[in-house]
Amino acid sequence: MTPNQIKLIYDKIKEVFNINKIKEVTLEIHPEIIHLKQNPEEYLKQLKSIGINRINLGLQDVDDYILNKWGRGHSLKDALEVYKLLKKVDFKINVDIIWGLPNQSLNSLNKTLDLVYSLKPDVITTYHYWLRPDTYDYKLFKENKLNLNYETIEMRTLIKQYAKKYSYMQRN
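Our subject in this report is the structure included herewith. (Residues numbered from 1 in each chain as written. Predicted model: local features only at pLDDT ≥ 70, side-chain atom pairs only at ≥ 80, totals over all residues. Heavy atoms only, no water.)

This part takes up helix H3 (residues 40-50). Residues of H3 that are buried include every one of Pro40, Glu41, Tyr43, Leu44, Leu47 and Ile50, and no others. Residues of H3 that are buried sit in contact with helix H1 (3-16), strand S1 (26-29), helix H2 (31-35) and helix H5 (76-88). Downstream of H3 by a residue or two, Gly51 has a phi angle that is positive, lying close to 125°. (Buried < 20%, exposed > 50% of the residue type's maximum accessible area, 1.4 Å probe, protein only. Helix = DSSP H or I, 4+ residues; strand = E, 2+ residues; numbered from the N terminus. Contact = heavy atoms within 4.5 Å.)

So this is what it looks like as structure tokens:
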């Protein structure tokens, strides 16, 4: 979406609802959306001028193999460039991580957590991979062609350890 399209939606929300007490206006962004813009910094500045002050950045994992395998459309390098721009433009930043992905190892998740926590975003949100019916992944699963991850208990424990170590609040 263009900043003008986002502004039209946001203006309509302000017209319909009283949002004067709202302190954060958040937009969900995949790194490739920003990285592929002709002038990504200007795009972010335009979002900021609209009133967007927090970005949920869908990093998901730092392993380029996993990002590519699941069609994320961005590399780790792309995501880090976008993260730096978000900081430069002074957004509050939430980084999203998915854990329990097929082919994702405990070691891979550990690398992801190491990197994400070292960035010190305002919020880190972790989501467990969910195999949903009527998806391509589910079709692969039914054909025994999907390597599901069975280290999820260990992964959840690791996530809790990182949150505690870096003093991030945990919500279940």
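So, on to the pattern of salt bridges. Scanning all chains against the criterion turns up 10 salt bridges. Here Arg54 and Glu24 are joined by a salt bridge, their closest N and O atoms 2.9 Å apart. Note that Arg54 is positioned in strand S2 (residues 54-60) and Glu24 in the loop between H1 and S1, a separation of 30 residues in sequence. Overlapping salt bridges, with partners in common, bring together Lys7, Asp11 and Lys14 in one network. (Salt bridge = Lys/Arg side-chain N within 4 Å of Asp/Glu carboxyl O.)

Contact geometry of H1 with H3 gives a least axis separation of 10 Å together with a crossing angle of 15°. With respect to each other, H1 and H3 are oriented roughly parallel. Judged by the sense of rotation from one axis to the other, the crossing of H1 with H3 is right-handed. When H1 is examined against H3, the residues Pro3, Ile6, Lys7 and Tyr10 are found in contact with a partner set consisting of Tyr43, Gln46, Leu47 and Ile50. Residue composition of the contact of H1 with H3, grouped by class: six nonpolar, one polar and one charged. (Axes fitted to C-alpha atoms, helices over the stretch in contact; angles between N-to-C directions. Parallel < 35°, antiparallel > 145°, perpendicular 65-115°, else oblique. Left-handed = near helix turned anticlockwise from the far one by under 90°. Nonpolar A, V, L, I, M, F, W, Y, C, P; charged D, E, K, R; others polar.)

The next thing to look at is H1. Note: α-helices contain 3.6 residues per turn, so residues at a spacing of three or four share the same orientation. Along its 14 residues, H1 runs 20 Å from first to last C-alpha, staying within 8% of the 20 Å computed at 1.5 Å per residue. Residues of H1 that are buried include every one of Pro3, Ile6 and Tyr10, and no others. Each buried residue of H1 sits inside an arc of 60° when the element is viewed along its axis, so together they form one side. Exposed residues on H1 whose side chains face more than 90 degrees from its buried face are Asn4, Leu8, Glu15 and Val16. Looking at the packing, one finds that the buried side of H1 touches S1 and H3. (Expected span 1.5 Å × (residues − 1). Arc of directions from axis to C-beta.)

Another aspect to go through is the packing of aromatic side chains. The tally for this structure, following the rule as stated, stands at six aromatic pairs. Between Trp70 and Tyr129, the ring centres sit 6.2 Å apart and the planes meet at 45°, which makes this aromatic pair tilted. Here Trp70, found in the loop between helix H4 (64-69) and H5, pairs with Tyr129, found in the loop between strand S4 (123-128) and helix H7 (136-142); they are 59 residues apart in sequence, far enough to count as distant. A relative accessible area of 12% places Tyr129 in the buried class. Ring centres 6.2 Å apart and planes at 40° place the aromatic pair Tyr138 and Phe141 in the tilted group. (Phe/Tyr/Trp six-rings, centres within 6.5 Å; stacked < 30°, edge-to-face > 60°.)

When you line up the elements, Leu109 lands in helix H6 (residues 106-119). Taking the C-alpha atoms as reference points, Leu109 and Ile66, 43 residues apart in sequence, are found 11 Å from one another. If near-sequence neighbours (up to four positions away) are discounted, Leu109 is found in contact with Ile97, Trp99, Gln104, Met155, Leu158 and Ile159.

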